[in-house]
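What follows is the residue order along each chain.
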Amino acid sequence: MTVTLHVCITCRAGQTLGEGETTPGKRLHGAILEAGVPEGVNVVPVECLSACSQGCSVALSAPGRWSYVYGRLSDANAQDVVAGAAAYAAAPDGLVPWRSRPEIFRKQSLARIPPIAVVPEAAE
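As named in an unreviewed UniProt entry, the protein is Putative metal-binding protein, taken from Bradyrhizobium huanghuaihaiense.

## Describing unusual backbone geometry
Unlike most non-glycine residues, S50 shows phi in positive territory, near 55 degrees. Overall, the relative accessible area of 64% leaves S50 in the exposed class. Positive phi is not limited to glycine here, since R72 has a value of about 60 degrees. The topology assignment puts R72 in strand β4 (residues 67-73). Taking the relative accessible area as the measure of exposure, R72 reaches 40% and is therefore partly exposed.

## Let's talk about the sheet that holds strand β1 (residues 3-8)
If you walk across this open sheet you meet the five strands as β2-β1-β3-β4-β5, and the pairing is mixed. For this open sheet the edge positions go to β2 (41-46) and β5 (109-113), each flanked by a neighbour on one side alone. Taken pair by pair, the neighbouring strands of this sheet meet at an average axis angle of 15 degrees, ignoring direction. Those strands touched by helix α1 (residues 24-35) are β1, β2, β3 (56-61) and β4, and its axis lies near 145 degrees from that of β1.

## Some points on the packing of α1 against helix α2 (residues 78-90)
Relative to each other, α1 and α2 sit at 65 degrees, their axes nearing to 8 Å. Here α1 and α2 pass one another in a crossing that is right-handed. Of α2, the residues touching α1 (which contributes A31, I32 and A35) are A78, Q79, V81 and V82. Partitioned by chemical class, the residues of the contact of α1 with α2 number six nonpolar, one polar and no charged.

Conventions used here
- Residues numbered from 1 in each chain as written.
- Predicted model: local features only at pLDDT ≥ 70, side-chain atom pairs only at ≥ 80, totals over all residues.
- Heavy atoms only, no water.
- Buried < 20%, exposed > 50% of the residue type's maximum accessible area, 1.4 Å probe, protein only.
- Helix = DSSP H or I, 4+ residues; strand = E, 2+ residues; numbered from the N terminus.
- Pairing = 2+ DSSP bridges.
- Axes fitted to C-alpha atoms, helices over the stretch in contact; angles between N-to-C directions.
- Contact = heavy atoms within 4.5 Å.
- Left-handed = near helix turned anticlockwise from the far one by under 90°.
- Nonpolar A, V, L, I, M, F, W, Y, C, P; charged D, E, K, R; others polar.

Dropping the structure here:
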(Lines give C-alpha, C1' and ligand atoms only; values in the text may rest on other atoms or scores of the structure.)
Protein backbone atom coordinates (compact mmCIF):
# COMPACT_ATOMS: atom_id res chain seq x y z
CA MET A 1 0.00 0.00 0.00
CA THR A 2 1.28 3.45 -0.88
CA VAL A 3 1.55 6.05 1.85
CA THR A 4 1.46 9.77 1.18
CA LEU A 5 4.03 12.26 2.40
CA HIS A 6 2.47 15.71 2.09
CA VAL A 7 4.99 18.58 2.08
CA CYS A 8 3.83 22.16 2.63
CA ILE A 9 5.52 24.12 -0.15
CA THR A 10 4.09 27.53 0.80
CA CYS A 11 5.70 27.56 4.24
CA ARG A 12 7.88 30.59 4.86
CA ALA A 13 9.13 29.33 8.25
CA GLY A 14 8.71 32.82 9.68
CA GLN A 15 11.00 34.38 7.07
CA THR A 16 10.35 37.46 4.99
CA LEU A 17 11.10 36.49 1.42
CA GLY A 18 12.14 38.71 -1.43
CA GLU A 19 10.44 38.72 -4.82
CA GLY A 20 10.98 35.37 -6.55
CA GLU A 21 12.79 33.83 -3.57
CA THR A 22 12.10 30.11 -2.99
CA THR A 23 10.11 29.33 0.15
CA PRO A 24 11.71 27.13 2.80
CA GLY A 25 8.84 24.67 2.18
CA LYS A 26 9.73 24.34 -1.50
CA ARG A 27 13.38 23.86 -0.55
CA LEU A 28 12.36 21.07 1.86
CA HIS A 29 10.24 19.43 -0.86
CA GLY A 30 13.16 19.56 -3.31
CA ALA A 31 15.61 18.17 -0.74
CA ILE A 32 13.26 15.26 0.01
CA LEU A 33 13.06 14.40 -3.69
CA GLU A 34 16.86 14.65 -3.99
CA ALA A 35 17.33 12.41 -0.95
CA GLY A 36 15.43 9.64 -2.72
CA VAL A 37 11.84 8.73 -2.07
CA PRO A 38 11.42 5.29 -0.49
CA GLU A 39 9.43 2.60 -2.25
CA GLY A 40 5.78 2.77 -1.28
CA VAL A 41 5.90 6.51 -0.54
CA ASN A 42 4.22 9.11 -2.73
CA VAL A 43 5.45 12.68 -2.12
CA VAL A 44 2.76 15.29 -2.71
CA PRO A 45 3.38 19.06 -2.50
CA VAL A 46 0.48 20.91 -0.84
CA GLU A 47 -0.34 24.59 -0.51
CA CYS A 48 -0.77 24.65 3.28
CA LEU A 49 -0.92 22.28 6.24
CA SER A 50 -2.04 25.05 8.63
CA ALA A 51 1.04 24.65 10.82
CA CYS A 52 2.35 28.09 9.91
CA SER A 53 3.66 28.95 13.37
CA GLN A 54 5.65 25.69 13.44
CA GLY A 55 7.99 26.24 10.51
CA CYS A 56 8.11 23.83 7.60
CA SER A 57 5.76 20.91 8.02
CA VAL A 58 5.00 17.52 6.51
CA ALA A 59 2.22 15.00 7.05
CA LEU A 60 2.22 11.23 6.62
CA SER A 61 -1.01 9.35 5.93
CA ALA A 62 -2.46 6.20 4.42
CA PRO A 63 -5.89 4.56 4.46
CA GLY A 64 -6.53 2.65 7.69
CA ARG A 65 -3.43 4.04 9.41
CA TRP A 66 -2.68 6.68 11.97
CA SER A 67 -1.62 9.99 10.37
CA TYR A 68 1.09 12.33 11.64
CA VAL A 69 1.99 15.99 11.18
CA TYR A 70 5.60 17.05 11.87
CA GLY A 71 6.90 20.60 12.06
CA ARG A 72 9.94 22.79 12.70
CA LEU A 73 11.67 21.18 9.70
CA SER A 74 14.05 22.49 7.05
CA ASP A 75 15.77 21.14 3.97
CA ALA A 76 18.60 20.01 6.27
CA ASN A 77 16.15 17.42 7.70
CA ALA A 78 15.34 15.77 4.35
CA GLN A 79 17.26 12.53 5.04
CA ASP A 80 15.49 12.09 8.39
CA VAL A 81 12.09 12.80 6.81
CA VAL A 82 12.78 10.16 4.16
CA ALA A 83 13.88 7.66 6.84
CA GLY A 84 10.76 8.39 8.87
CA ALA A 85 8.53 8.00 5.82
CA ALA A 86 10.15 4.62 5.06
CA ALA A 87 9.55 3.44 8.63
CA TYR A 88 5.93 4.62 8.44
CA ALA A 89 5.43 2.80 5.13
CA ALA A 90 6.74 -0.41 6.73
CA ALA A 91 4.36 -0.17 9.73
CA PRO A 92 1.03 -1.83 8.88
CA ASP A 93 -0.97 0.48 11.15
CA GLY A 94 1.21 3.59 10.88
CA LEU A 95 2.45 3.20 14.45
CA VAL A 96 6.24 3.19 14.28
CA PRO A 97 7.84 2.24 17.62
CA TRP A 98 9.09 5.42 19.30
CA ARG A 99 12.76 4.39 19.36
CA SER A 100 12.62 3.38 15.68
CA ARG A 101 11.63 6.90 14.60
CA PRO A 102 14.21 9.49 13.52
CA GLU A 103 14.85 11.98 16.32
CA ILE A 104 13.00 14.78 14.52
CA PHE A 105 9.90 12.57 14.36
CA ARG A 106 10.18 11.88 18.10
CA LYS A 107 10.60 15.52 19.10
CA GLN A 108 8.77 17.49 16.42
CA SER A 109 5.43 15.76 16.14
CA LEU A 110 2.60 18.29 16.00
CA ALA A 111 -0.35 15.92 15.70
CA ARG A 112 -1.26 12.26 15.61
CA ILE A 113 -4.61 11.56 13.98
CA PRO A 114 -6.45 8.24 14.32
CA PRO A 115 -7.47 6.29 11.24
CA ILE A 116 -10.81 7.23 9.77
CA ALA A 117 -13.37 4.56 10.58
CA VAL A 118 -15.12 3.18 7.53
CA VAL A 119 -18.85 2.97 8.20
CA PRO A 120 -20.68 0.41 6.10
CA GLU A 121 -23.43 1.88 3.96
CA ALA A 122 -26.93 1.25 5.20
CA ALA A 123 -28.76 -1.51 3.40
CA GLU A 124 -31.44 -0.18 1.11
